[in-house]
Amino acid sequence: DAKTTQPPSMDCAEGRAANLPCNHSTISGNEYVYWYRQIHSQGPQYIIHGLKNNETNEMASLIITEDRKSSTLILPHATLRDTAVYYCIANNAGNMLTFGGGTRLMVKP
Amino acid sequence: SAVISQKPSRDICQRGTSLTIQCQVDSQVTMMFWYRQQPGQSLTLIATANQGSEATYESGFVIDKFPISRPNLTFSTLTVSNMSPEDSSIYLCSVAQGNTEAFFGQGTRLTVV
């Protein structure tokens, strides 16, 4: 699995967009970019994933650069309930996930 | 998405004893995994539970310490054997089907005293 690099922590004001960056410069052609989050004391929750194209679902948007070496997860209107650790993972689909340190997002009122 | 039920959700155990954690999925899945999350840390993969054969363990994890069963495509168990306080962690079951994303149970919070 390609290694990913994320900032250890970020703050975001409630109601504003939260933009969480991730570097995955060694990603291979068949590896997807997955985003999960872990709210305190719960199991990781799947958010979104993509291969090359930008993706959007009811939770978030995923922007992947054209060279696929980095991506950004966007929470369009962050709420206090979005406070969590966000993990970016580069992986083949259907395989076990290798978790890095993630980004601890704190949404503040 | 798959619904995963883990039991127990938490337990406090005496050192030297063993605890078996169950993972039940509401549908048949190809892949089942077990993770450990030590306090304040990220998740670490323990092993892949293989249906009908021995689990595949990651470096640093051995079958004698973490025996795993997977009798069918919807159920797996992880046993933490001969526990010590260093085994205090959250243990998580994860499943994936084909090329879909992986889903996680809510975890088992284990405290060894």
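In what follows, the structure referred to is the one given above.
Quick notes on the rules
Numbering of residues starts from 1 in every chain and runs along the sequence as written. Key to labels: chains lettered from A, ligands numbered from 1, both in the order written. Side-chain atom pairs in this predicted model are given and counted only at pLDDT of 80 or more, local residue features only at pLDDT of at least 70, and totals for whole chains, interfaces and linings cover all residues. With hydrogens and water stripped out, all remaining heavy atoms of the structure feed into the side-chain values. Here a pair means two rings of Phe, Tyr or Trp (six-membered ring of Trp) with centres within 6.5 Å. Their orientation is stacked below 30 degrees between planes, edge-to-face above 60, and tilted elsewhere. Per the convention used, a helix needs a DSSP run of H or I reaching at least four residues, while a strand needs a run of E reaching at least two, with both numbered from the N terminus. A simple rule labels every residue: compare its accessible area, found with a 1.4 Å probe on the protein chains alone, to the largest value its type can have, and call it buried under 20%, exposed over 50%, or partly exposed in between. Whether two residues touch is decided by their heavy atoms; if any such pair falls within 4.5 Å, the residues are in contact. By definition, the buried area sums, over both parts, the 1.4 Å-probe accessible area that each loses when the two are put together. Each salt bridge in this description consists of a side-chain nitrogen of Lys or Arg and a carboxyl oxygen of Asp or Glu lying within 4 Å of one another. Polar contact criterion, stated in full: a pair of N or O atoms within 3.5 Å, where within protein one must be able to donate a hydrogen and the other to accept it, and residues adjacent in sequence count only if both atoms are side-chain atoms. Strand pairing requires that DSSP identify at least two bridges connecting the strands. Every axis in this analysis is a line fitted to C-alpha atoms, fitted for helices over the stretch in contact. Angles between the N-to-C directions lie between 0 and 180 degrees.

Caption draft 1: Seen up close, the packing of aromatic side chains. Here the structure, examined in full by the defined rule, presents twelve aromatic pairs over all chains. On the numbers, 5.8 Å between centres and 85° between planes, the contact of A:Tyr36 with B:Phe104 is edge-to-face. Taken together, the residues A:Tyr36 in strand 3 (residues 32-38) and B:Phe104 in strand 10 (residues 103-104) connect one chain to another. By the burial criterion, A:Tyr36 is buried, and B:Phe104 matches it. Three or more aromatic residues joined by ring pairs make a cluster, and in this case those are A:Tyr32, A:Tyr34, A:Tyr36, A:Tyr46, A:Tyr87, A:Phe99, B:Tyr35, B:Phe103 and B:Phe104.

Caption draft 2: Broad picture of the interface of chain B and chain A. Listed as interface residues are 21 residues of chain B and, on the opposing side, 17 residues of chain A. Both faces considered, chain B and chain A share a buried interface measuring about 1500 Å² in area, 55% of it formed by carbon and sulfur atoms. Here chain B is connected to chain A by zero salt bridges. Between the two partners, chain B and chain A, sit four residue pairs in polar contact (both at pLDDT 80 or more). Elements with a contribution of two residues or more to the side of chain B that touches chain A: strand 4 (31-37), strand 5 (43-49), strand 9 (89-96) and strand 10 of chain B. Broken down by element, the residue count for the side of chain B that touches chain A peaks at four residues, all from strand 4 of chain B.

Caption draft 3: Structural context of the sheet that holds strand 8 (residues 75-80) of chain B. All names here are of chain B. One open sheet accounts for four strands, arranged 1-3-8-7; its pairing is antiparallel. Where the open sheet ends on each side, the last strands, each with one partner, are strand 1 (4-7) and strand 7 (68-72). In this sheet, adjacent strand axes meet at a mean angle of 15° when their direction is disregarded. In terms of strand pairing, strand 3 (residues 19-25) meets strand 8 through six bridges, oriented antiparallel. In the sheet register, Gln 22 faces strand 8, and the bridge partner there is Thr 77.

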